[in-house]
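Inside the fold
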Amino acid sequence: MSMRRLRLFLGALCGLLLGVFSASGQGLSVSGYVRDREGQPILGARIQRLGDSTRRVSSGLEGEFRLEGLGRGDTLLISHSLYQPQRLPLTRQPRLDSLVVQLRERAVALAEVEILARAPIAHRFAGERMTELDVYLNPLAQADPLKAVTALASSTAATEQANPEFRGSPAAYSLVTINKVPIESPVRYSGLSNQGFFSLFHPALLDQQWVYASNPPITAGKALSGLVDVRSRQRLEASSTALSLGMAGVSVVRSQRLGSPRSFVQLYGNAQRSDLLTALAPESYPELRHFSSLDLGMNLRLQLAPRLALQLYSYGLVDAFRGVTGTMNYAGEIRTRSRRFFSVLNLRHSSERLGVTTLNLGYDRKRPSLSLGLLDLQQRAEHAYLSLEHKLQAWGMELEGGLAWDGHYYALSGQLPRYPGGFAPGAPARDAAGRGHYGSLDAYLYAYRPLLGGLLDLSLGLRYVRPMGGEDAPFLSYQGMLQLQPALGHRLLLGAGVYRAYVPPALYATEGLLCAAQGLNLDYAYRHGARQMKVSVYLRQEDVPYDSSWRLGALGQRERRELPSWGLEYSWEDMLSPRWSYGLALSALRRQRAPLVAEQVTRQEWGYFAKLHLQWSHPRYFTASLAYLAHRGPYLAKVSGAEQLAPGIYVPCGLSWERGADYQRLDLQVFRYMSLGRSMLTLYASLSNLLDTANVRERYFSPDYSSTHPLYLQRRALYLGAMLQWH
């Protein structure tokens, strides 16, 4: 090889190597996710090249980020106002396309106190944490915080309503709290057809909500099955107004800062009428004749002093419903009216040395009425709650203790059928007048301690309850949970507990019923980026109340029977591509059904729930999602004959249960976000029950019980709406 050729070869080689090193050193693309200690995504974390504030990005909804134009020798700086900043040298990372950065809470004393005050002490053991964005983006939620819970594998709600039901337990066994105060029946139009089954909480007022499917922490009150711990917004970064217009009504939310981000007020109003829905598609709402509602809400937070904060959450509702339905051997018009007001007040003092002390006050007043044939009932229900709690960090633990008083009052007036099933006008009636009250004084202590350098988390809780009045003796509820986190993104939770609590009275009753439950659950969760997997197995045994009026001949008499159950759950979520995502949730449970009459013998049966969703999203166009839900059909009343007591008055004989056909439903949702300067416009459309499947809700009989007639859940229905938000 000549000297000239050697020079050309070396020059070309040096140029090639210089180009490669230059490209690899200054053209790298780095992507990954930012998580907290529990593997939850951190929204709004800032990722930048150390020493260069011009090249930075913020983490998205799932904690994801992507930063380009970096060199292999660069160092990333990841920071957030609530977490300790972290430096990440790229030379030490084997891969740059799937980084997972874990941030820890700030070690500053005041920040620790703020975190201690903001999150429930048991949040580390929650099965799910949801924010406002999680609710809006959930394909099954319909922008409702409690309906978002139905997408979980642990949710076994089979009636298309928003009231949470977990792992086969009745809705009355689960507790919903707002800012540490229990709210009974937190839904609108409870007990009617599907239309209007929405919670009392607006997602714009939501900060976070934690969901516990089993072994609910005893700090939140008395629950037997599950808990949804809802917290209203604690900070407001900017004032804004949101106006929503849909086929059923209009709503407005005004969020106004009062100085600092920690002092603000949010005002909410919503008016609904069914006229447009029934005029455009009467076949979609066969049982609906008319409904209207007006509800107003307020979330006020005032930072009275650097360590003293006041929070007031108030809500009022007036609604009316008219339709047609059937029950037992009667079919005809049904009318309901309701007036409701509740208010929750929290006064919180934070101290760097002594911890956080909170006073919680709650008052809830309801005036529902129901008219169905001969049945004509007016109920007055009042619930008052008062608790004083204190949280602190000491001896390497977080401790919370408190005292609580919980009081309920019910009054009933109107008339009831004298005979079971005798709802027809003109049938013999009896006076429904009655009143009752129940309540308790509680004391509880809950402790959390990390072990082995954070590898294990241990919690223990004890609640002593002393009933007020009646013949019930004092009792204890207690629980323990152990959580193993062997690696980032992996979590194994073992929980066990024994609980006793009052189940609210049925529509025809005025006294709560004291029931017991015990449970054991083992949950595994894995999370890496957008990929999530959860596997659970649980055992439960609980008292289940049932209406024994068919044997006693008087509506409202309830008894209870101890019934066992166990089940398995599996869920998976992942991205197919940057545009496509999917998820599935499967559960199987074996449970014994409560009897219709005391003499009836029921057996354990298998049930299943299958939930799937597929979503396509493009920021320049729109987002579309398909959601499919299937489960076993409802239990329907069955009779073997009827006895005629008087002309036109029949009483059923041989009452029992039988399964209806399996439930299936496919929903389509499409929405688009459009940025208009400082405003955001959202257009959305939903097509519920796309295939118009006739899912039976219940059935009623002919007057002499010789034939049956089905009642259906939501048929195919189109809903259109828009929301405009501006700052």
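Residues numbered from 1 in each chain as written. Predicted model: local features only at pLDDT ≥ 70, side-chain atom pairs only at ≥ 80, totals over all residues. Heavy atoms only, no water.

**Quick notes on the overall build of the protein**
A count of helical and extended segments in the protein gives five helices and 42 strands. Classification of the 727 residues of the protein by burial places 52% in the buried group. Residue pairs at least 24 apart in sequence account for 61% of intrachain contacts in the protein once pairs closer than 6 positions are excluded. As displayed, the protein has an accessible area near 32500 Å², and 58% of this comes from carbon and sulfur atoms. (Helix = DSSP H or I, 4+ residues; strand = E, 2+ residues; numbered from the N terminus. Buried < 20%, exposed > 50% of the residue type's maximum accessible area, 1.4 Å probe, protein only. Contact = heavy atoms within 4.5 Å. Areas by Shrake-Rupley, 256 points an atom, 1.4 Å probe, with all protein chains shown as cover.)

**Observations concerning the sheet that holds strand β11 (residues 206-212)**
The mixed open sheet is built from five strands, whose spatial order is β8-β11-β12-β9-β10. The open sheet has two edge strands with one neighbour each: β8 (128-131) and β10 (181-182). Pairing of β8 with β11 involves four bridges; the strand directions are antiparallel. Within the sheet, the bridge partner assigned to M130 lies in β11 and is Q209. (Pairing = 2+ DSSP bridges.)

**Some details on the packing of aromatic side chains**
Applying the stated criterion across every chain, the model contains nine aromatic pairs. Ring geometry for W566 against W606: centres 5.2 Å apart, planes inclined by 75°, an arrangement best described as edge-to-face. One end of the pair, W566, is in strand β30 (residues 558-575); the other, W606, is in strand β32 (residues 604-617), and 40 residues separate them in sequence. On the basis of relative accessible area, W606 is assigned to the partly exposed category, the value being 39%. (Phe/Tyr/Trp six-rings, centres within 6.5 Å; stacked < 30°, edge-to-face > 60°.)

**Considering the nonpolar core**
Counting residues in hydrophobic clusters, the biggest one holds 34 residues, and the most contacted among them are I178, F201, V228, V230, Y313, F342 and V344. Among the secondary structure elements, those contributing two or more residues to this core are β9 (175-178), β11, β12 (227-232), β17 (308-327) and β18 (330-351). The element that contributes the greatest number of residues to this core is β17, accounting for three residues. For V344, the contacting residues outside a window of four places in its chain are I178, N179, V181, I183, Q311, L312, Y313, L361 and G362. I121, A220, L227 and L513 belong to the second largest nonpolar core, which has 25 residues in total. (Core = buried A, V, L, I, M, F, W, Y, C linked by side-chain atoms within 4.5 Å.)

**Overview of the confidence of the model for the protein**
Keep in mind that low pLDDT regions are not for reading the predicted coordinates in detail. On average, the protein scores 83 in pLDDT, and the residues at 70 or more come to 88%. Across residues 12-25 the pLDDT falls below 50, and counting only partners more than four positions away or on other chains, this stretch makes six contacts in the model. (pLDDT = per-residue confidence, 0-100.)

**Quick word on the side chain of R124**
Tracing the backbone through its elements, the reader meets R124 in the loop between α2 (109-118) and β8. A relative accessible area of 10% places R124 in the buried class. One polar contact links R124 to Y448, side chain to side chain, over a distance of 3.3 Å. (Polar contact = N/O pair within 3.5 Å; in protein donor to acceptor, adjacent residues only side chain to side chain.)

**Points about unusual backbone geometry**
For D692, which is not glycine, the phi dihedral falls at a positive 55°. Position of D692 relative to the elements: it lies in the loop between β39 (679-688) and β40 (696-701). A positive phi is found at Y705, a non-glycine position, where the angle reads about 65°.

**Overview of the pattern of salt bridges**
One pass over the structure, following the stated rule, counts 27 salt bridges. Residue R697 pairs with E287 through a salt bridge whose shortest N-O separation is 2.5 Å. Of this pair, R697 sits in strand β40 while E287 is found in the loop between α4 (275-280) and β16 (288-305), placing the two residues 410 residues apart along the sequence. Using a relative accessible area of 18% as the deciding quantity, one classes R697 as buried. In this structure E287 comes out as buried when scored by relative accessible area, which is 13%. (Salt bridge = Lys/Arg side-chain N within 4 Å of Asp/Glu carboxyl O.)

**Digging into the side chain of D523**
With respect to the helices and strands, the residue D523 is situated in strand β28 (residues 513-528). Classification of D523 by relative accessible area gives buried; the value is 16%. At a separation of 2.8 Å, a polar atom in the side chain of D523 contacts the side chain of S536. Leave out the neighbours within four places in its chain, and D523 touches R167, R491, L492, L493, V535, S536 and V537.

**Focus on the pairing of β9**
Residue alternation in β9 divides its side chains into two sets, L175 and T177 and V176 and I178, and both sets are buried. Pairing analysis gives four bridges linking β9 to β12, with the strands arranged parallel. Each residue of the ladder has a partner; that of L175, found in β12, is L227. Between the end of β9 and the start of β10, which pair antiparallel, lie two residues, with N179 showing a positive phi angle near 55°.

**Quick notes on the sheet that holds strand β4 (residues 64-70)**
Taken in spatial order, the three strands make up an open sheet running β4-β1-β7, and their pairing is mixed. Each of the sheet's edge strands pairs with one partner strand only, and the pair in question is β4 and β7 (99-102). Each neighbouring strand pair of the sheet contributes to a mean axis angle of 35°, computed without reference to strand direction. Taken together, the four bridges between strand β1 (residues 28-35) and β7 define a ladder with parallel strand orientation. The partner of V34 across the bridge, within β7, is V101. (Axes fitted to C-alpha atoms, helices over the stretch in contact; angles between N-to-C directions.)

**Topic: the environment of L200**
Take L200: it is sitting in the loop between β10 and β11. With a relative accessible area of 2%, L200 lands in the buried category. For the pair L200 and Y315, spaced 115 residues apart in sequence, the C-alpha separation works out to 8.0 Å. In contact with L200, other than residues within four places in its own chain, are S185, P186, V187, R188, Y313, Y315, L317, R340 and F342.

**Details of the pairing of strand β41 (residues 708-712)**
Pairing analysis gives five bridges linking β40 to β41, with the strands arranged antiparallel. Opposite Y700, over in β41, you have H709 as the bridge partner. Between β40 and β41, which pair antiparallel in sequence order, lie six residues; one of them, Y705, sits at a positive phi of approximately 65°.

**Quick word on the environment of S577**
Among the secondary structure elements, S577 is positioned in the loop between β30 and β31 (580-592). Separated by 39 residues in sequence, S577 and W616 have C-alpha atoms that sit 9.4 Å apart. Within polar-contact distance, the side chain of S577 engages the backbone nitrogen of W580 at 3.2 Å.

**So, a nonpolar patch on the surface**
Side chains of L482, L492, L494, L520, L522, V537, L539, W566, L568 and W606 sit close together on the surface and give an oily, nonpolar patch of about 810 Å² of accessible area. Elements represented by at least two residues in the nonpolar patch include exactly β27 (490-503), β28, β29 (531-547) and β30. (Patch = residues over 30% accessible without salt bridge, like charges linked within 9 Å, V, L, I, M, F, W, Y side chains within 5 Å.)

**Quick notes on the environment of S369**
When you line up the elements, S369 lands in strand β20 (residues 369-372). It is 9.6 Å that separates the C-alpha atoms of S369 and A320, two residues lying 49 residues apart in sequence. Not counting the four nearest positions on each side in its chain, S369 is found in contact with R335, T336, R337, L377 and Q378.

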